Structures are given as C-alpha cells and as structure tokens.
Amino acid sequence: MTTAVKENKQPLFGKKEREAVKDPLWDNNPITLQVLGICSALAVTTQMQTALVMAISVTVVISFSNVIISLLRNLIPSKIRIIVMLTVISSLVILVDQVLQAFMYDMSKQLSVFVGLIITNCILLGRAEGFASTNKPFPSLLDGLGNGMGYGIILLLVAALREILGVGTFFGVQVVPDALYEMGYKNIGLMILPPGAFIILGMIIWVQRTISKKYEAH
Amino acid sequence: MQKNSNSYIFIFAITVSVAASVLLALASTALKPRKQIAVKLDVVKNILSVSGLSDEQIKSKKDTDILAMYEKDFATVLLDRDNRQVKREDLEKNLLTIGYKKEDLDQLYTFELISLFNKKLGIMAGKAGKSKTDFDPGYKSLFLYQPGGELKSYIIPIEGNGLWGMMYGYIALQPDLNTVTGVRFYKHQETPGLGGEAEKPWFTGQYVGKKILSDDGSFRSIDVFKGKSADVYSGDELNYYVDGISGATITSKAIANFMKEDLEKFEEYFRQIRKGGNQ
C-alpha cells in the first residue's frame, strides 16, 4: 500500500511499477493465491475462446475501474466508498457487455450472464479497495493490468486443459489425433462439467503454491 | 464542505449516479443500431447455413453482402393459425395500431416484425386482462430460399425445451417437402461436449437427406436413436433416424420431440402445397 511515486524523479517503470504488474502474475496471483474470482473461472472455462474473451473483458474493466477510482480517491467519502466503487465497476461492465453485444454477438451469446457477473468478481472490488483507493492513477492502471492478466492466465490454463482433455480441441481445432481415438482413447466428459473445473483449478493451485513456496500462514 | 458531512456525501452520490447513467444511456443509444444489425445478421447467417452454405463460405462474406443476399434470395411466408397466408401489410397494420411508427417498421424484415408482434402480444393481453391465446392469431413463419427465383428449400424454425433451457434452430426441407436439406441449432444452453454436441456438424449433418414422410405419405418426422441407428435398422427405415448423442439422452429426445411438434404445425400447409404441386 505504500507505493509513493515521486513524480518527475522516478522513471516511468520503476521497481514498484514493475512489481505492480509482475506480482499478481505469479507471487500474488488473484486466483491461485488470493482465491478470488473463482466463480467465473469455473463457468467460462469449457472453451479457450470464451475464456480469452472473458480474460480480456476483466482486464479492461479492472484497469479502467482502477484508474477511475484512483482519480477519485481523494473525493470519495469513506462512508460510501464501496458503493461508489461498485457503481464505477458495474457501469464499466455494462459498457463492455454492450460493446460485446454490438460487435461480437456470437460471443456475447455464449458468455451470456457471465459478463454481467464480472461485477461481482471479487478481484475488481479487491483491487479498487486494496490498491486504487490509496495509489496514484498510473500505478493503479498497472496493478489493474497485472491482476487482470494474472486472472486471465489461470483462466486460459484451466480452459486449455478442459478443452483439450474434455473435447479434444484447442480454440475449436481438433488437437487430439484421430489415431489416438482409434486406439480406444476417449474424451474425459467430466472435464467439461463443473466438477472438472474444480479438480483442475485445485491442481493448478497446488502446483503453483508448491513451486512458488507461498502458503497461507497457519 | 466537510468530506464526511451528509450534504457532501449526498452531492457526491448524486453526481456519480447521474454521470454513470448518462454514460450508459449514451452508450446504449449509440450502439443500438449496431446491436440490431448484429441480431439480424445472426438470424440471417443461421438461415443461410441451414440452407446449405458452409461456415467458411459465410465467414468469407462481408456483413453487408450477407444481408443483401438475404434480401435477394429469401422470402418469409407468414401464416396464421388456420394456415392461411398473411400479408406483411396486415401484420404491419396490426403493429401500427399498437403504436409503432411506420418508418420504424419499414426498416425491418418480416421475421423481425413477427417477433415484435409476439412480444407485444403478452403486454396487450395483460392490459385487457385476457390470456395470451385469446389475442394470439397463432402467427408462424417459414423462410423460402429461392436463389434466382427458383425455389430451393423451405426453412422452418424449430424450438423447444432441452435439458437446461430452450433450444432454437432451423430445419430446411427440399421443395418436395419431405427430404431434409439441413438442420442447425443456433442457441441453446446444453452442456458443452454432451448435449451441446447438438450444434456440431457431426450431429446436424446426419439429418441431410433424411425424410419426414413415411412411404404412404403420412407425416412421421425424424427420431433420434439412442446409440447407432444402423445397428438396428436398415434400408429405407434409416431415413427416419439419426444417431443420438451419447451422454445426452434427454437432449436427444427433446430434439426429436420438438422437431416433430414444430414440423407438424406446418404439415397441413405443406399438404396443400404438395397436392397443388410445387409452387
């Protein structure tokens, strides 16, 4: 919380700024370490395509909401700060939804309700409250980008495993060779059902925490 | 003004709300035409694909070309409950009396008018304190694909409950009103990989060439067989079955059921056409 950036003196991408982007990608990943935003991580990860659009949407919304809230941080009365943040976030989400409907109609049909549910994604409110409300706009933007990408990477990872194991395709293109099917290999139907997402996500969290040696304090 | 005083909080809250609403209202208005086109395109693309164009062919075309092609090669037939053909003008008149503007209606395709009308029906019935069926003229529509004036296929919308929600699709019939040209599901909430396989070409492709009439000319429709239909049936009998989706028995059954129901609604009209020779 102490990212005091002295303007004009520090380079645009100082250590702190780099950390704001890098940290959420691995050391402090919003999904695997903070365990936030799980709902959508389970819901939209049956295919790469939807996961990618979701990841981009969240990154866009979180970056803009961080910047806006950071700009307003000295004006927002603390008593109503949460509801103001939610107003900003939900307005942005509705905007994204409208743009998707207008320009990527097929995709918006597939994502259906989950775009709207970005509003309730804890990562967004978490970053607004935990970072943007006490930091300047530029670091907040980077923090938003970092967290959005940290979320997106896990989303894509889960989606890749689910799509390949469950349907045998990657971005809709078949990757499991026909020869394998002829040898008796079958797609794992469980992977495309919600429990499959839980299992994969659990394993990713396990592996990630084992490598990064970051555990919750007991 | 004190940052935590009540008046400051009020003013701040109101400012934020107004700013957000104005922004969203502007965005919604600005994107509305684009959204309408997107919805229209979606319907048209599905109609094109069920009448035999491949996905690659559709993707390679520009949006404006697709709409132009629809306008040139397709026609909507509007029928009332008794299978009498209804003119577009009559439907427009209905909508005009409910308060739609003429110039708004001019921009719309007939299928859009029908969906507008159906939406309005519920509201009208509610106001008059009657059930929807009292008002409902039972309008239904089908599309004719007639490139260069020659009738190639009839396209019938089919819809019904799957396992998780409504499924929407089209079935296209050859001018003999018996042989299937294609089937396509464009909107559903079935589980991807299980019931969701219904939208995949391996499943819908099976319908091509199947028949909806039995040998004596009575209506029969196409059933979805649990397992491989070729294991049990052979010869002409295979014309009435497609292989089901494994792990999705309910979806498979649902498709067979609502396809039969929706085709049956048009059967009377089709019989007239078959009798009178091809139109």
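Calculation notes
- Residues numbered from 1 in each chain as written.
- Chains lettered and ligands numbered in written order.
- Predicted model: local features only at pLDDT ≥ 70, side-chain atom pairs only at ≥ 80, totals over all residues.
- Helix = DSSP H or I, 4+ residues; strand = E, 2+ residues; numbered from the N terminus.
- Rg over C-alpha atoms; globule rule 2.2 N^0.38 Å.
- Buried ≥ 20, exposed ≤ 12 C-beta atoms within 10 Å, placed from the backbone.
- Contact = placed C-beta atoms within 7 Å.
- Core = buried A, V, L, I, M, F, W, Y, C linked by C-beta atoms within 7 Å.
- Domains from an automatic or database assignment.
- pLDDT = per-residue confidence, 0-100.
- Nonpolar A, V, L, I, M, F, W, Y, C, P; charged D, E, K, R; others polar.
- Pairing = 2+ DSSP bridges.
- Axes fitted to C-alpha atoms, helices over the stretch in contact; angles between N-to-C directions.
- Parallel < 35°, antiparallel > 145°, perpendicular 65-115°, else oblique.
- Left-handed = near helix turned anticlockwise from the far one by under 90°.

Summing up its helical and strand segments, chain A has 10 helices and two strands in all. The C-alpha radius of gyration of chain A comes to 19 Å, within 12% of the 17 Å expected for a compact globule of 218 residues. Here the C-alpha coordinates of chain A stretch approximately 65 × 45 × 35 Å along the principal axes. The buried share among the 218 residues of chain A stands at 38%.

Right, let's get into the overall build of chain B. Counting its secondary structure elements, chain B contains nine helices and eight strands. Based on the C-alpha atoms only, the size of chain B along its principal axes is roughly 85 × 45 × 45 Å. Within chain B, contacts between residues separated by at least 24 positions form 52% of all contacts whose residues are at least 6 apart in sequence.

Residue and element names in this part refer to chain B. Counting residues in hydrophobic clusters, the biggest one holds 38 residues, and the most contacted among them are Ile-47, Tyr-154, Ile-155, Ile-156, Tyr-170, Ile-171 and Ala-172. When residues of this core are traced back to their parent elements, those giving at least two are helix H1 (6–50), strand S3 (140–145), strand S4 (153–161), strand S5 (166–173), strand S6 (180–187) and helix H9 (249–275). With six residues, the top contributor of residues to this core is H9. Mapped onto the domain boundaries, this core takes at least three residues apiece from domain 1 (49–140) and domain 2 (149–274).

Low pLDDT marks stretches whose predicted atomic positions should not be read closely. A residue-level look at chain A finds 92% of positions with pLDDT of 70 or above and a mean pLDDT of 85. Low pLDDT (under 50) marks residues 1–8 of chain A, which in the prediction has eight contacts with non-local residues, meaning those over four places away or in another chain.

Turning to the confidence of the model for chain B, a few remarks are in order. All names here are of chain B. Counting all residues, the mean pLDDT for chain B is 84, and 96% of those residues have values of 70 or more. At the low end of the mean pLDDT range in chain B sits helix H7 (residues 132–135), at 66; at the high end sits strand S8 (residues 241–243), at 92. For this predicted complex, the interface score ipTM comes out at 0.75, while the overall pTM is 0.74.

On to the domain arrangement of chain B. Buried accessible area, meaning the area lost when the parts come together, often serves as the stated size of an interface. All names here are of chain B. Annotation of chain B at the domain level lists domain 1 (49–140) and domain 2 (149–274). Relative placement of domain 1 and domain 2: their C-alpha centres are 23 Å apart. Residue composition of the side of domain 1 that touches domain 2, grouped by class: two nonpolar, four polar and one charged.

Right, let's get into the interface of chain B and chain A. With 25 residues of chain B at the interface, the matching set in chain A holds 24 residues. For the side of chain B that touches chain A, the leading source of residues is H1 of chain B, giving 17 residues. Across the side of chain B that touches chain A, the residue classes break down as 14 nonpolar, six polar and five charged.

All names here are of chain B. Pairing within the open sheet is antiparallel, and its six strands lie in the order S2-S1-S3-S4-S5-S6. Looking at the sheet topology across the chains shown, the edges are occupied by strand S2 (85–86) and S6. Helix H6 (residues 110–128) rests against strand S1 (74–79) and S3 of the sheet, and its axis sits at about 30 degrees to S1.

This part is about unusual backbone geometry. All names here are of chain B. Despite not being glycine, Leu-177 shows a phi value in the positive range, around 55 degrees. Note on placement: Leu-177 falls in the loop between S5 and S6. Of note, Ser-221 is a non-glycine position whose phi angle comes to about 70 degrees, a positive value. Mapped onto the secondary structure, Ser-221 falls in the loop between helix H8 (201–204) and strand S7 (223–225). Residue classification places Ser-221 among the buried residues on the basis of 20 C-beta atoms within 10 Å.

Moving on to the pairing of S1 of chain B. All names here are of chain B. Both S1 and S3 contribute to a ladder of six bridges, which runs antiparallel. If you follow Val-77 over to S3, its bridge partner there is Leu-142. With two bridges connecting them, S1 and S2 associate as antiparallel partners. By the bridge assignment, Leu-79 is partnered in S2 with Gln-85. Hairpin connection from S1 to S2: five residues lie between these consecutive antiparallel strands, with Asn-83 at a positive phi of about 60 degrees.

Geometrically, a packed helix pair is captured by the angle between its two axes and the distance between the axes. Residues and elements named next belong to chain A. For the pair helix H1 (residues 15–22) and helix H8 (residues 137–166), interaxial distance at closest approach is 7 Å and the crossing angle is 30 degrees. As far as their axial angle goes, H8 and H1 are roughly parallel. Here Lys-16, Glu-17, Ala-20, Val-21 and Lys-22 of H1 lie close against H8, whose contacting residues are Pro-139, Leu-142, Asp-143, Leu-145 and Gly-146. Grouping the constituent residues of the contact of H1 with H8 by class yields five nonpolar, one polar and four charged.

What follows deals with the packing of helix H3 (residues 48–71) of chain A against helix H7 (residues 122–130) of chain A. Residues and elements named next belong to chain A. Where H3 meets H7, the closest approach of the two axes is 9 Å, and the angle between their N-to-C directions is 25 degrees. Relative to H7, the element H3 lies roughly parallel. You can see that H3 and H7 cross each other, and the crossing is right-handed. Where H3 approaches H7, its residues Val-61, Ile-62, Ser-65, Asn-66 and Ile-69 are matched on the opposing element by Ile-123, Leu-124, Arg-127 and Ala-128. Its residues assigned to classes, the contact of H3 with H7 comprises six nonpolar, two polar and one charged.

Okay, the environment of Pro-201 of chain B next. Residues and elements named next belong to chain B. Along the polypeptide, Pro-201 turns up in helix H8. Pro-201 sits in the exposed class, given 10 other C-beta atoms within 10 Å. In this structure the C-alpha to C-alpha distance between Pro-201 and Arg-184, which are 17 residues apart in sequence, comes to 8.5 Å.

Residue and element names in this part refer to chain B. Of all the eight residues making up S5, six are buried; the element is thus mostly covered by neighbouring parts of the structure. Relative to S5, S4 is paired through eight bridges, and the arrangement is antiparallel. Residue Gly-160 lies in a different strand from S5, and its bridge partner there is Met-167. Joining the antiparallel neighbours S4 and S5 is a turn of four residues. Here S5 folds back onto S6 in antiparallel fashion, the turn holding six residues, of which Leu-177 has a positive phi close to 55 degrees.

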